[in-house]
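# Coordinate inspection notes
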Amino acid sequence: MKKNHFILIVALLMLGLLVVACGGGAEEPTEAPAEEPTEAPAEEPTEAPAEEEEMAEEEEMAEEEEMAEEEMAEEEEMAEEEMAFEPDVLDAGSCDYGGKILKVSAVDELTVEIELCKTDPAFLSKLAFTPFAIQPKEWLEETGGGGELLEKPIGTGPYMVEEWVRGDQVVYKRFDDYWGEPASAETAVLRWNQEGAARLIELQSGNVDFITNVSPDDMPGIESDPDLQLLAVPTPNIFYIGLTNNHPPFDDIRVRQAVAMGIDRQRIVDTFYPPGSEVASHFTPCSIPNGCEGEEWYEFDPEAARALLAEAGFPDGFESAVYYRDVVRDYLPEVPSVAVEIQTQLKENLNIDAEVVVMESGEFIDESQAGNLDGVHMLGWSADYPHVTNFLDAHFACVGTQFGEPYPEVCDTLLEASTIADPDEAAPLYEQANNAIKEFVPMVPVAHSKSAHAALASLEGAYVPPFGAIQFYKMDPGKDTFVVMQNNEPLSLFCHDESDGESLRPCQQVVEPLLEYADDSGDLVPELATSCESDESGLIWTCSLREGVLFHDGSSLDANDVVASWAVGFDASNPLHVGRVGTFFYYDYLFDGLINQPEAE
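Quick caveat, the model's predicted, so the values are computed rather than measured.

## As for the overall build of the chain
Helix and strand counts for the chain come out as 18 helices and 20 strands. By the burial criterion, 52% of the 601 residues in the chain qualify as buried. Relative to all contacts within the chain whose residues are 6 or more apart in sequence, the contacts with residues 24 or more apart total 69%. Summing over all exposed atoms, the chain offers an accessible surface of approximately 27100 Å²; the carbon and sulfur share of this is 50%.

## Let's talk about the sheet that holds strand S20 (residues 540–545)
Taken together, five strands build an open sheet; the order of strands is S1-S2-S3-S20-S19 and the sheet is antiparallel. In this open sheet, the two edge strands, each paired with only one partner strand, are strand S1 (89–91) and strand S19 (529–534). For this sheet the average axis-to-axis angle between neighbouring strands, irrespective of direction, equals 15°. Here strand S3 (residues 111–116) runs beside S20; their pairing, made up of five bridges, is antiparallel. From the neighbouring strand, Glu-115 faces S20, where its bridge partner is Ile-540. Against the sheet, helix H17 (residues 559–570) touches S1, strand S2 (101–108), S3 and S20, its axis set at about 160° to S2.

## Quick word on the sheet that holds strand S16 (residues 481–486)
Read across the open sheet, the seven strands follow the order S4-S5-S6-S16-S7-S15-S8; overall the sheet is mixed. Each edge of the open sheet carries a strand with a single partner, namely strand S4 (159–165) and strand S8 (228–233). Across six bridges, strand S6 (residues 187–192) lies against S16 in parallel orientation. Its bridge partner being in S16, Arg-191 is matched across the sheet by Met-485.

## Concerning helix H14 (residues 408–417)
For H14, the full list of buried residues reads Val-410, Cys-411, Thr-413, Leu-414 and Ala-417. Across the axial projection of H14, the buried residues extend over an arc of 165°, all falling on one side. Here the buried face of H14 lies against helix H13 (389–396) and helix H15 (423–440).

## Re the state of the cysteines
Applying the stated criterion across every chain yields a total of five disulfides. A sulfur-sulfur separation of 2.1 Å characterises the disulfide bridge that pairs Cys-398 with Cys-411. In this structure, the disulfide formed by Cys-398 and Cys-411 twists by about 90° around the S-S bond and is classed as right-handed. Here Cys-398, found in the loop between H13 and H14, pairs with Cys-411, found in helix H14; they are 13 residues apart in sequence, far enough to count as distant. Judged by its relative accessible area of 36%, Cys-398 is partly exposed.

## Observations concerning H17
Here H17 contains 12 residues, and its C-alpha end-to-end distance of 16 Å stays within 8% of the 16 Å for a straight helix at 1.5 Å per residue. With 12 of 12 residues buried, H17 lies mostly within the body of the structure. Taken together, the buried positions of H17 are occupied by Ala-559, Asn-560, Asp-561, Val-562, Val-563, Ala-564, Ser-565, Trp-566, Ala-567, Val-568, Gly-569 and Phe-570. Between the side-chain oxygen at the start of H17 and the backbone nitrogen of Asn-560 there is a gap of 2.9 Å, and the oxygen is on Asp-558.

## A closer look at the side chain of Gln-402
Checked against the element boundaries, Gln-402 lands in the loop between H13 and H14. In this structure the side chain of Gln-402 is engaged in a polar contact, spanning 3.1 Å, whose partner is the side chain of His-377. Gln-402 has contacts with Tyr-240, Thr-244, Ser-368, Gln-369, Gly-371, His-377, Leu-379, His-395 and Tyr-589, leaving out every residue within four places of it along the chain.

The rules behind the values
Residues numbered from 1 in each chain as written. Predicted model: local features only at pLDDT ≥ 70, side-chain atom pairs only at ≥ 80, totals over all residues. Heavy atoms only, no water. Helix = DSSP H or I, 4+ residues; strand = E, 2+ residues; numbered from the N terminus. Buried < 20%, exposed > 50% of the residue type's maximum accessible area, 1.4 Å probe, protein only. Contact = heavy atoms within 4.5 Å. Areas by Shrake-Rupley, 256 points an atom, 1.4 Å probe, with all protein chains shown as cover. Pairing = 2+ DSSP bridges. Axes fitted to C-alpha atoms, helices over the stretch in contact; angles between N-to-C directions. Arc of directions from axis to C-beta. Disulfide = S-S within 2.5 Å. Expected span 1.5 Å × (residues − 1). Polar contact = N/O pair within 3.5 Å; in protein donor to acceptor, adjacent residues only side chain to side chain.

Following this line, the structure appears as structure tokens:
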């Protein structure tokens, strides 16, 4: 009982203490602390920060206005620079140097004027040829006309070079800002193999989509294979045996004529060429107007040939060489076999002991064009454009060195004929030139070959044009990567200074000239120029460039790029006239010589 009473008293005391503690704690924060933070601290963040924000906004607006004014100033400056376009000019000064080009001028940003020294009926056809393609003036200057330019051209074409792996392949990427129809495949790859059988195996296995230069023995099998398609090459061509007159004994016209009569050309065609090929009656195929004017070539006559050799002081023959490069071409399908055949015939028919010498492709081209080969050499030509000048002027012009000293009876006549537009009017001159070629024998024309490429049956749009190379972007493999295999590696990708088809084909995917050839003929169609028109004299040509064309580096095409690109080739004194070997073959031969060409030593 006392215990319970005591517990009750303790509980009442604790409850009282709890009430006192709670009551005292509730009154203190409701009086003094409640008033202090609601006055002074509440006003400070509501006024000063607002003013600072307004000032910051005003400063930001001022900065934006200043930036806008600077941008406007830059745009005005750029506009002024564009308005102040300074046109470039390539000026020969006069026509005394003997060539066809007098002046190339940028009239304005999109107009180029070309002034000729003499009329040229094939002028526009020449402009459509890949060596006369356009690259940015700035890129030409940056590379110094050589170096990186040889491996990475910058053009306006549907593909741009991504990488050249020497000895393996060239890889292209689609140029998405191309002015024309875009390429079907995002990536294109160019590979090479010298063996026809190896190229065919790659095609049959599906590793490549397109191959060039099918071996004659493989043509029937491809035609009967439903997974493949055989594509005839309609390009006119010639295979010939070159003779250089500045190396004895070929400096004697009787020796050269003896070789002309001592080679059984029909035997070569029958043994090594596909059906439809023919023995050449003239250097130029007869499908080219004026190509076969004049007398046909010598008949095979080994007895008369030996008599000429004896008369020239070689009754027992002499020692020589047969030079060639092991590269299959449209005009020469079985290269080593034909080289051995020529060696055999020289021995059998003329008692000439000739060593067969195979050379690296680039070295062979350079040495043969320079006239440095002291024996006979095997070469040929496929048409670049449909005019007789492409065959005759490119080989027998007065500026040529391939066959030694030029023959005035040939080259002077060709010079006169090349200015005449009417084929009938020019015919007597081409008859005279062809007869002189037969008389002096700078070479022996052997064959006009039939040839073919091949592709997978699944390749859409597969084609072979009669002039120029195939263009990858016009074919659709139905996949992201299109692979082409040709017969040899390019020498360089700066085709201003190249003449072999293995270099011209890869170049044509990247760079573009003012005009191009139609896919099925030699007709000309616009490319970088929408038009090229001449005045009444035929000496002044005005070309209007296509608007909005971009180079692969993002810069815009203008007339100064045209002047700069051609100045590199035409002007031998231009600091950018460098290239791979510096000969600029087509600029020289097709236009009767280079501007400021140093005199031969």
